[in-house]
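Notes for the structure review
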Amino acid sequence: AQSVTQPDIHITVSEGASLELRCNYSYGATPYLFWYVQSPGQGLQLLLKYFSGDTLVQGIKGFEAEFKRSQSSFNLRKPSVHWSDAAEYFCAVGGNGDKLIFGTGTRLQVFP
Amino acid sequence: GAGVSQTPSNKVTEKGKYVELRCDPISGHTALYWYRQSLGQGPEFLIYFQGTGAADDSGLPNDRFFAVRPEGSVSTLKIQRTERGDSAVYLCASSLSGWGETQYFGPGTRLLVL
């Protein structure tokens, strides 16, 4: 069955620290992978996506993610977190002609 | 340009009532999606429109839920005989042509069924 697992429900980091949010997926075909961010009262905003090619993907706001097929993972990283990055982050998997499956999200809290 | 808009932003109704939620996609986007997001969960797919037709409605939970997109632009999600379990945020998204394209999400409609 297709699924996405985000094992960390809540993560707290200090401003300026590095960040890694984990995402593991199960998908029967070549996956399309996405990271979205949701701030309170805001719609989901796409951070980055992977369809094919280079497995290290650069996104907006200084985020990047690496697709590792052997580990079925697509972890999101940022070298230095800003207070404004506090939000909920969702990983999603889909495919060509297939619906998106979202994970349950990771809530990021940033301390000054 | 304008993003995806959804109205109303909040809707409170009583159990058993009928509600309609509206979505205005980005102009020119032929694909439109509805999702439901319950508290503490990620968005859950409901239905996908390609133009005027529902290309995939496998996510609709039961026959109380129905959606239309008569002119291939604005879409309305309709819920009959609402139940308390229908309380959630209903999200709409649009993309240029279909699955595999970037989906742009609206702010959602928060539905509360009393």
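Quantities reported herein were computed from a predicted structural model and do not represent experimental measurements.

1. Comments concerning the interface of chain B and chain A
Frequently, the measure chosen for interface size is the accessible area removed from exposure when the parts meet. With 17 residues of chain B in contact, the opposing surface of chain A contributes 18 residues. Of the roughly 1,400 Å² buried where chain B meets chain A, counting both sides, 57% is carbon and sulfur surface. Seen at the junction of chain B and chain A, the total is zero salt bridges. Counting across the chain B and chain A interface gives four residue pairs in polar contact (both at pLDDT 80 or more). Counted by class, the side of chain B that touches chain A contains seven nonpolar, nine polar and one charged residues.

2. Focus on the nonpolar core
In terms of nonpolar packing, the biggest core is built from 27 residues, with Leu19(A), Trp35(A), Leu47(A), Leu48(A), Phe74(A), Leu76(A) and Tyr89(A) touching the most fellow members. Looking at this core, the elements that each hand over two or more residues are β2 (10-14), β3 (19-21), β5 (32-38), β6 (45-50), β8 (64-68), β9 (73-78), β10 (87-95) and β12 (106-111) of chain A. With four residues, β10(A) is the largest single contributor of residues to this core. If sequence neighbours within four positions are ignored, Leu19(A) has contacts with Ile11(A), Val13(A), Phe63(A), Leu76(A), Arg77(A), Lys78(A), Val81(A) and Leu108(A). Core analysis: the next-biggest nonpolar cluster, separate from the first, contains 20 residues, Val19(B), Ile26(B), Leu111(B) and Val113(B) among them.

3. Let's talk about the packing of aromatic side chains
Taken as a whole and judged by the stated rule, the model has 14 aromatic pairs over all chains. Both rings, one in Tyr35(B) and one in Phe45(B), keep their centres 6.2 Å apart while their planes meet at 75 degrees; by these two values the pair is edge-to-face. Residue Tyr35(B) is found in strand β4 (residues 31-37), and its partner Phe45(B) is found in strand β5 (residues 44-50); the two are separated by 10 residues along the sequence. Phe45(B) matches Tyr35(B) in its accessibility class, with the two residues each being buried. Put simply, the rings of Tyr32(A), Phe34(A), Tyr36(A), Phe51(A), Phe102(A), Tyr35(B), Phe45(B) and Phe105(B) pair up and form one aromatic cluster.

What counts and what doesn't
- Residues numbered from 1 in each chain as written.
- Chains lettered and ligands numbered in written order.
- Predicted model: local features only at pLDDT ≥ 70, side-chain atom pairs only at ≥ 80, totals over all residues.
- Heavy atoms only, no water.
- Contact = heavy atoms within 4.5 Å.
- Buried area = accessible area lost by both parts, 1.4 Å probe.
- Salt bridge = Lys/Arg side-chain N within 4 Å of Asp/Glu carboxyl O.
- Polar contact = N/O pair within 3.5 Å; in protein donor to acceptor, adjacent residues only side chain to side chain.
- Nonpolar A, V, L, I, M, F, W, Y, C, P; charged D, E, K, R; others polar.
- Core = buried A, V, L, I, M, F, W, Y, C linked by side-chain atoms within 4.5 Å.
- Buried < 20%, exposed > 50% of the residue type's maximum accessible area, 1.4 Å probe, protein only.
- Helix = DSSP H or I, 4+ residues; strand = E, 2+ residues; numbered from the N terminus.
- Phe/Tyr/Trp six-rings, centres within 6.5 Å; stacked < 30°, edge-to-face > 60°.

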